Amino acid sequence: MTTLVQAPVAARTAPRGEAPSLMLAAICTIAAHHGIRTITIAYDGYGDEGQIETVTLQGDPDEETQLVPEISMPDDPCASWAVPYQGDASEIETTFARAIDDLGYEMLAQKHDGWENGEGAFGELVIDVVGRKATLEHSVRFIETESHTHEWEG
């Protein structure tokens, strides 16, 4: 008896610079399916430590009250992109929650690498699911120094 074995399909790759757009597209597809309209990723870091603090998923406002409902994190699989320190990104299968975290960290790494160092930084990445776009509002902390030099001769 002969058993046919299919060779594994090679993972797709893409240049690192394209990874955020590819990750965003996959996330928006799953989010739209669950009625999610906005995803807000809040992050904070300093002293060489940084992390995503919260992820909030919101739906459409209620027609009568205009209150925006918060939606629970779906437990769905999601295609995403693993991005190594150097080299191309590779397509992977992960969870929806992990894909959101990975997108947040990758967008920060590409636009504000080292955001968690020294006095650090904080901000929010807001994803408009319907518009399929993400906006990063980033604030950098720093210690200000004001120096003065004075000379006198006698």
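Everything discussed here concerns the structure shown above.
Residues numbered from 1 in each chain as written. Predicted model: local features only at pLDDT ≥ 70, side-chain atom pairs only at ≥ 80, totals over all residues. Heavy atoms only, no water.

Caption draft 1: Structural view of the sheet that holds strand S1 (residues 13-14). Taken in spatial order, the three strands make up an open sheet running S1-S5-S4, and their pairing is antiparallel. This sheet does not close on itself; its edge strands, each paired only once, are S1 and strand S4 (77-82). Across six bridges, the pairing between S4 and strand S5 (residues 89-95) is antiparallel. Looking at S5, one finds that Ala-79 is bridged to Glu-93. Packing against the sheet, helix H1 (residues 19-33) makes contact with S1, S4 and S5, and its axis sits at approximately 175° to S4. Sheet strands in contact with helix H2 (residues 96-112) are S4 and S5, and its direction is about 140° off that of S5. (Pairing = 2+ DSSP bridges. Helix = DSSP H or I, 4+ residues; strand = E, 2+ residues; numbered from the N terminus. Contact = heavy atoms within 4.5 Å. Axes fitted to C-alpha atoms, helices over the stretch in contact; angles between N-to-C directions.)

Caption draft 2: Local environment of unusual backbone geometry. Located in the positive-phi region is Asp-48, a residue other than glycine, with phi close to 70°. Residue classification places Asp-48 among the exposed positions, given a relative accessible area of 54%. In this model, Arg-132 sits at a positive phi of 55°, which is unusual for a non-glycine residue. Relative to the assigned elements, Arg-132 resides in the loop between strand S6 (121-128) and strand S7 (133-140). On the basis of relative accessible area, Arg-132 is assigned to the partly exposed category, the value being 42%. (Buried < 20%, exposed > 50% of the residue type's maximum accessible area, 1.4 Å probe, protein only.)

Caption draft 3: Structural detail: the pattern of salt bridges. A full pass over the atoms with the stated rule returns five salt bridges. Between Arg-12 and Glu-91 there is a salt bridge, with its nearest N and O atoms 2.9 Å apart. With a gap of 79 residues between them, Arg-12 in the segment before S1 and Glu-91 in strand S5 connect regions that are remote in the sequence. Between Arg-37 and Asp-60 there is a salt bridge; the shortest N-O distance is 3.3 Å. Taken together, the residues Arg-37 in the loop between H1 and strand S2 (38-46) and Asp-60 in the loop between strand S3 (49-58) and S4 connect sequence positions 23 residues apart. Its relative accessible area of 24% is what places Arg-37 among the partly exposed residues. (Salt bridge = Lys/Arg side-chain N within 4 Å of Asp/Glu carboxyl O.)

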